Amino acid sequence: MPRATGTRLMKYIATIAVISILLLQFFGAVPQSSVGGPMTLALVFFAVALAIGVYEAWTNKRSILGWIVSIVTAVVGAFLAAEVGNLMMGLLLPHLNLNGSLAQTQGPLLYIVSVAMLLLMLLGSWIALSFVERWR
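All of these numbers come straight from a predicted model, not from anything done at the bench. (Residues numbered from 1 in each chain as written. Predicted model: local features only at pLDDT ≥ 70, side-chain atom pairs only at ≥ 80, totals over all residues. Heavy atoms only, no water.)

Turning next to the overall build of the protein. A count of helices and strands for the protein gives five helices and zero strands. Reading the protein from its N terminus to its C terminus gives the helix and strand order α-α-α-α-α. Burial status across the protein gives 34% buried among its 136 residues. Look at the contacts in the protein between residues 6 or more apart in sequence, and 72% of them connect residues 24 or more apart. When the accessible surface of the protein is split by element, carbon and sulfur atoms take 74% of a total near 8,600 Å². (Helix = DSSP H or I, 4+ residues; strand = E, 2+ residues; numbered from the N terminus. Buried < 20%, exposed > 50% of the residue type's maximum accessible area, 1.4 Å probe, protein only. Contact = heavy atoms within 4.5 Å. Areas by Shrake-Rupley, 256 points an atom, 1.4 Å probe, with all protein chains shown as cover.)

Tracing the sequence through the fold places Gly77 in helix α3 (residues 64–92). On the accessibility criterion, Gly77 (6% relative accessible area) is buried. Considering only alpha carbons, one finds Gly77 and Ser125, 48 residues apart in sequence, at a separation of 4.5 Å. For Gly77, the residues in contact, after removing those within four places along its chain, are Gly124, Ser125 and Ala128.

Residue placement: Leu9 occurs in helix α1 (residues 3–26). A residue is classified by how much of its surface remains accessible, and Leu9, at 32% relative accessible area, is partly exposed. In the structure, Leu9 is positioned 46 residues away from Tyr55 in sequence and 9.0 Å away in space, judged by C-alpha atoms.

A separate point is the nonpolar core. In this structure, Ile13, Ile21, Phe45, Val48, Ile52, Leu118 and Leu122 are the most contacted members of the largest nonpolar core, which totals 26 residues. Secondary structure elements with two or more residues in this core: α1, α2 (36–59), α3 and α5 (108–135). Beyond its immediate sequence surroundings of up to four residues, Ile13 is in contact with Val48, Ile52 and Tyr55. (Core = buried A, V, L, I, M, F, W, Y, C linked by side-chain atoms within 4.5 Å.)

One pass over the full model with this rule turns up two aromatic pairs. Ring geometry for Phe26 and Phe27: centres 5.2 Å apart, planes at 80°, overall edge-to-face. Ring geometry for Trp58 against Trp67: centres 6.3 Å apart, planes inclined by 85°, an arrangement best described as edge-to-face. (Phe/Tyr/Trp six-rings, centres within 6.5 Å; stacked < 30°, edge-to-face > 60°.)

Another aspect to go through is the side chain of Ser125. With respect to the element layout, Ser125 can be found in helix α5. The exposure class assigned to Ser125 is buried, which follows from its relative accessible area of 1%. Those residues in contact with Ser125 that sit more than four places away from it in its chain are Ala49, Ile52, Ala74, Gly77 and Ala78.

Scanning all chains against the criterion turns up two salt bridges. In this structure, Arg62 engages Glu133 in a salt bridge whose closest nitrogen and oxygen atoms are separated by 2.4 Å. With Arg62 in the loop between α2 and α3 and Glu133 in helix α5, the pair connects residues that are 71 residues apart, well separated along the chain. Assessed through its relative accessible area of 36%, Glu133 is described here as partly exposed. Ionic contacts of the salt-bridge type, sharing partners, join the residues Glu56, Arg62 and Glu133 into one network. (Salt bridge = Lys/Arg side-chain N within 4 Å of Asp/Glu carboxyl O.)

With 28 residues, α5 extends 41 Å between its outermost C-alpha atoms, agreeing within 8% with the 40 Å of an ideal straight helix rising 1.5 Å per residue. All of the buried residues along α5 are Leu110, Val113, Ser114, Val115, Met117, Leu118, Met121, Leu122, Gly124, Ser125, Ala128 and Leu129. (Expected span 1.5 Å × (residues − 1).)

Dropping the structure here:
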């Protein structure tokens, strides 16, 4: 598959992921509990990272070991990026003077933070996959 088509499909994956996160937030499908909400979002983030790993393995016609490496690399890259995002949000949120938690405010900042974390995780997956691609 040519590089331009692959990049276009990655943009579609990112767009679909962003729309799904926004729809989940907008329709209240993300629970407001301390564990349920983040776990719901983590499930979507994990599914997107998994889709990126599968997509990379499929388009490059990897062997079985290549599939495993691509999927694990995409997921690990996404979760490393999530930790970086978590650290950044931990530094940023105390300065926003929110009245309660971010999930309880239900303001536009909740949507912005959710999408930013998703895009950061996607970027982490893509960076990890490109790093491993150089070693293959």
